[in-house]
Amino acid sequence: MTTTLVRLPRYPTTQDRTPTHPAHPLRSRARVLLCSVFGPYAQDDEYGSRKMNPMELYQNQVTREQGVFSLRMFHRSWGIMLIQNNISAPCTVLDFPSLDRFTEEISSGQYDIVGITSIIPNVGKVEKMCELIREHSPASKIVIGGHVANIPDLDDMIDADHIVHGEGVSWMRRYLGEDDSAPIKHPRVLSGINARTLGQPLREKPGDIAATLIPSVGCPLACNFCSTSAMFGGKGSCFHFFKTGDELFEVMCGLERDLNTQAFFVMDENFLIHRKRALRLLDLMIEHNKSWALYVFSSLNVLQAYTIEQIVGLGISWVWTGIEGEDAAYTKLKNVDTQEIVESLQAHGVRVLGSTIIGLEHHTPEDMDRIIDFAVSHDTEFHQFMLYTPLPGTPLYAEHEAAGTLLGLDEVPHADAHGQERFRHKHPRIPRGTETEMIKRAFTRDFEVNGPSIVRVARTMLRGWQRYKNHPDLRIRKRFKRETEELALTYTGSIWAAKRWFRDSPALHKRLSGVLADFYREYGLKARLTAPLVGRFLMIKMKMEAARLAKGVPFEPPTFCETNEAAKTLAMA
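So, a few notes on the structure that sits alongside this text.

Rules of the game
Residues numbered from 1 in each chain as written. Predicted model: local features only at pLDDT ≥ 70, side-chain atom pairs only at ≥ 80, totals over all residues. Heavy atoms only, no water. Helix = DSSP H or I, 4+ residues; strand = E, 2+ residues; numbered from the N terminus. Rg over C-alpha atoms; globule rule 2.2 N^0.38 Å. Buried < 20%, exposed > 50% of the residue type's maximum accessible area, 1.4 Å probe, protein only. Contact = heavy atoms within 4.5 Å. Areas by Shrake-Rupley, 256 points an atom, 1.4 Å probe, with all protein chains shown as cover. Phe/Tyr/Trp six-rings, centres within 6.5 Å; stacked < 30°, edge-to-face > 60°. Lys NZ or Arg CZ within 6 Å of the ring centre and 35° of its normal. 1 Å grid on protein atoms, 1.4 Å probe; cavity = no way out; pocket = protein on both sides within 12 Å on 5 of 7 lines; lining within 4 Å. Points joined across faces, edges and corners; volume = space filled by probe spheres on them. Nonpolar A, V, L, I, M, F, W, Y, C, P; charged D, E, K, R; others polar.

1. Let's talk about the overall build of the protein chain
Thinking step 1. Within the protein chain one finds 20 helices and 18 strands.
Thinking step 2. Taken over the C-alpha trace, the protein chain has a radius of gyration of 24 Å; the compact-globule value for 573 residues is 25 Å, and the two agree within 12%.
Thinking step 3. By the burial criterion, 57% of the 573 residues in the protein chain qualify as buried.
Thinking step 4. The long-range fraction of contacts in the protein chain, counting pairs at least 24 apart against all pairs at least 6 apart in sequence, stands at 76%.
Thinking step 5. Accessible surface for the protein chain amounts to roughly 24400 Å². Of this, 54% is attributable to carbon and sulfur atoms.

Structure (structure tokens):
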């Protein structure tokens, strides 16, 4: 039997790179569906999903070689949730649907606009979803946004009406004929869902999970490989949803009240670079006695411009920062001693997620062990490794395109250009195909030398507690007490279990024994008695998890379908 694929007729497409475009005829009466790409995600399929590129930030590119110790969790599609919260039109968000669930929604929802957000590797899923919309909801206008919009010839690959580059809230407001300068309403979003490690789900009671906070998008430093910076305007550019510390403080008070949390995952590419806003926030936290914890992204040159008192006062308890490489020639690393700053942060209880590039232009196979060892020597709590890969829209991509060194899509399709397996270009010194082993080697060595991330986190939290448990400022003491309340029981048991797990690895066993001894000294008899009990329970869970992982059972996020008030009112009419 022969199947003939017939491409549906193309609709007019506009590459919306400018702030002016025609509004939808129905304006705010238009019914809107905003959707992420369909699952499943953690498997190789015909649409571009890859087992190597699951819908998990940590397992994908941070703790991928840590087995049962890997931190597993999912994050919602915050961009479409932000848009939904800032338009008055009836709007449904469908997050992590199956293909059947997506088809059912577009078939029965009578939507006037269907918006899809995606990263570049999932462009095949975007193409399929566009085809299904044309078939089941032909009157709908199709709007595509997110990183996938950076693909230069995207309008030739998919059948859409609008391709939106950059910030989407103001675009959608204009498309609906609404005021694009109206104040931003921040959605109530928890930072992670279905978190687990050691085979055990993490607590998800109110107050246990950080709220997602989105102050700005884009980074003015704009490293040449950064697709996020390029997406929001490139060097010198960023878009502020909340420009002042006062605005930000008001939003955080609302999140604290509505989500019962005092911790915030700050989704801002370089939060502390906006110094005036950050220091005003600090003043307000002191004035109102807020002992909040902030998990932030920041370059090291920006971090070292703050005193440690300011960092601790702001509640910075977790930092994701680019170490990049020993000889990386980036402005953000000029005159920066990366190891000294990391050690200083850890000494004050700040956990660090370092990020290192594998495959810079000057890297060679002969130097790779030294390059990896330099990254590992930082002993950060987590370490991300990424291949130096030119992604569409970035200066690095333009450079390789001009030089003729990009690999064709027949050699490296978009689905495989995710930075965890293959180069997208011809590297001047590293033979093709060898980069896959190199990046795996980096993750493996970091794990073998420094041990499980959960133990590193516990070690640094203990250092923070010991330094600040008697601090004269009650606001500071309160935060450290709250953050470390599980150290004596849960974390000590985890370290005990990790020590037993690695009893046949002498160097790592010795390291873990030293960390456990530190906990016993701090927490005394209570820790010595409870650690074996908790540890033995965790060992059972870890063995079950190891068996699950050995069978290749994937983790997938649940599906969410959420409507705003206008959509609920329309449904009741």
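From this point on, the discussion continues.
2. A look at the packing of aromatic side chains
Thinking step 1. In total, this model carries 22 aromatic pairs according to the counting rule given.
Thinking step 2. For the pair Phe297 and Trp320, a centre-to-centre distance of 5.2 Å together with 25° between the ring planes defines the contact as stacked. Taken together, the residues span a long stretch of sequence, with Phe297 in strand β14 (residues 293–297) and Trp320 in strand β15 (residues 316–324) at a distance of 23 residues. By the burial criterion, Phe297 is buried, and Trp320 matches it.
Thinking step 3. Ring pairs connect the aromatic residues Trp78, Phe265, Tyr295, Phe297, Trp318 and Trp320, which therefore count as one cluster.
Thinking step 4. One Lys or Arg, Arg76, reaches over the ring of Phe560 and ends 4.0 Å from the middle of that ring.
Thinking step 5. Note that Arg479 overlies the ring of Phe480, its terminal NZ or CZ placed 4.4 Å from the centroid.

3. Here's the deal with the layout of surface pockets
Thinking step 1. The space that makes up the largest pocket amounts to roughly 1500 Å³.
Thinking step 2. Considering the residues around the largest pocket, the lining is formed by 46 residues, among which Leu202, Arg203, Asp208, Tyr295 and Tyr491 are closest to the centre.
Thinking step 3. Residue assignment for the lining of the largest pocket shows that the elements contributing at least two residues are β8 (193–197), β9 (200–201), β13 (263–266), β14, α16 (453–468), α17 (474–483), α18 (487–501) and α19 (506–550).
Thinking step 4. When residues in the lining of the largest pocket are grouped by element, the largest group, four residues, is from α16.
Thinking step 5. Partitioned by chemical class, the residues of the lining of the largest pocket number 24 nonpolar, 14 polar and eight charged.

Interpretation in functional terms is not warranted from these geometric data alone.
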